[in-house]
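Here are the chains, one letter per residue:
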Amino acid sequence: MKEALFWKDLPDKNVQCVLCPHRCVIFPGKKGFCKARANHSGVLVSESYGRVTSYAPDPIEKKPLYHFKPGSRVFSIGTYGCNLACDFCQNFEISQAESPPSVTFSPEEVVEAMRREDCSGIAYTYSEPLTWYEFVLDTSKINREDNIIVTNGYINEGPLEHLVPHIDAANVDVKGGSEFYRTLCHSPYKNVMETVRTLYDSGVHVEATNLIIPGHNDGEDDLRRLCSELVEVSPDIPLHFSRFFPHYRLTGVSPTPINTLDKAASIAKDAGVNYVYLGNVWERDTSTTCPSCGTKLLDRTGFSVRGPAFDGTCPQCGAKLYGVWK
Ligand code: SF4
């Protein structure tokens, strides 16, 4: 446990957490919406600090990050709790857990494990890394190599700006519009594209993911809006459309039809997104092609890349591709 950053004293030993848009007011002895931060006698504490639910070396493509050191391995680590409560959560066993797991790591031990596993960096993933913000920050300060967050981007601007100098790459889950966040994530709306913009403008390598759920965010207008907002930040940010499968509280919805994903990819390309990928679907090519001349530059199947290392410049037309390639 560690005293949290970003909170305010209120009368009668109540506190307000200002890390994310929930801005929870927490009475003594109670927890915030994310279940990971609690009021201990008038002090906001990160109860998830160092509490680990899962860890493993992973291909970086699994995050997914396709334009950041392709073919490398990262040490993935996650905690419990989440500041959203999505009905479709794929990791609800840990994201909605009430109490901390018994496995603990110090920041130094995470860095040691990363090196022991011959990984090039650390991915804070599996559950929402922003709920153990202080642990991510402390570990990233020690690591100084590739610090990666796989995040819902649901964070207030001040805490994000404080974290950004220590982060090298991010995949941000951009879910949908205000109705989507209210009804399916049970949370007030925040325009997560603002998080994408802050990361991108700060020089962090960014990719975005959109899970397409039939009947909820698969309308052409929804997809066009999302793509044009992303292009406004940068047409170079890779966009991963991910296939939904029924899970948790959303078991009555069918898996996303493949032709819906194809339609989304076509909308994204029309909107000017330079790099569009389909995830959770094995029937489609996920190789990287040059946006200028169409040459295939990185042969990718599932989570593995084949062929010679790519240096970021198209040998055919000389175009420079967005990414960190070595
Ligand atoms: S991080 Fe947790 S405690 Fe803090 S405002 Fe968000 S949901 Fe509430």
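The structure under discussion appears in the preceding block.
Rules of the game
Residues numbered from 1 in each chain as written. Predicted model: local features only at pLDDT ≥ 70, side-chain atom pairs only at ≥ 80, totals over all residues. Heavy atoms only, no water. Phe/Tyr/Trp six-rings, centres within 6.5 Å; stacked < 30°, edge-to-face > 60°. Buried < 20%, exposed > 50% of the residue type's maximum accessible area, 1.4 Å probe, protein only. Lys NZ or Arg CZ within 6 Å of the ring centre and 35° of its normal. Helix = DSSP H or I, 4+ residues; strand = E, 2+ residues; numbered from the N terminus. Pairing = 2+ DSSP bridges. Right-handed = clockwise from strand over helix to strand, strands pointing away. 1 Å grid on protein atoms, 1.4 Å probe; cavity = no way out; pocket = protein on both sides within 12 Å on 5 of 7 lines; lining within 4 Å. Points joined across faces, edges and corners; volume = space filled by probe spheres on them. Nonpolar A, V, L, I, M, F, W, Y, C, P; charged D, E, K, R; others polar. Salt bridge = Lys/Arg side-chain N within 4 Å of Asp/Glu carboxyl O.

A. Examining the packing of aromatic side chains more closely. Here the structure, examined in full by the defined rule, presents 14 aromatic pairs. Between tyrosine 181 and tyrosine 189, the aromatic rings sit 5.8 Å apart at their centres with planes inclined by 65°, giving edge-to-face as the arrangement. For tyrosine 181, a relative accessible area of 1% translates into the label buried. Every member of this aromatic cluster is reached through a ring pair, and the members are Phe88, Tyr154, Phe180, Tyr181 and Tyr189. Over the aromatic face of tyrosine 66 sits the side chain of arginine 300, whose NZ or CZ is 4.1 Å from the ring centroid.

B. The arrangement of the pairing of strand E10 (residues 146-151) in detail. Burial analysis of E10 places 6 of its 6 residues in the buried class, the great majority of the element. Neither face of E10 is left uncovered, since the one carrying Asp146, Ile148 and Val150 and the one carrying Asn147, Ile149 and Thr151 both have all their residues buried. Across 4 bridges, strand E9 (residues 121-124) lies against E10 in parallel orientation. By the bridge assignment, isoleucine 122 is partnered in E10 with asparagine 147. Handedness of the crossover joining E9 and E10 through helix H3 (residues 133-143) is recorded here as right-handed.

C. How the structure looks around the sheet that holds strand E16 (residues 296-301). The sheet built from 3 strands is open, its strands ordered E15-E16-E17 with antiparallel pairing. Every interior strand has two partners, whereas the edge strands, strand E15 (288-289) and strand E17 (304-306), have only one. Note: E16 against E17, 3 bridges, orientation antiparallel. By the bridge assignment for E17, aspartate 299 is matched with arginine 306.

D. Layout of the layout of surface pockets. What the largest pocket holds in volume is close to 1,200 Å³. For the largest pocket, the lining is made up of 45 residues, of which Lys63, Pro64, Gln90, Asn91 and Val150 are closest to its centre. For the lining of the largest pocket, the secondary-structure elements that each account for two or more residues are E10, strand E11 (169-173), strand E12 (205-212), strand E13 (239-243), strand E14 (276-279) and E16. For the lining of the largest pocket, the class distribution of residues is 17 nonpolar, 17 polar and 11 charged.

E. Spotlight on the pattern of salt bridges. Under the counting rule described, the total for this entry stands at 19 salt bridges. Salt-bridge contacts for aspartate 138 lead to lysine 2; the nearest nitrogen and oxygen are separated by 2.6 Å. Note that aspartate 138 is positioned in helix H3 and lysine 2 in strand E1 (residues 2-3), a separation of 136 residues in sequence. Relative accessible area serves as the criterion here: at 17%, aspartate 138 is assigned to the buried category. Looking at lysine 2, the relative accessible area reads 34%, which means it is partly exposed.

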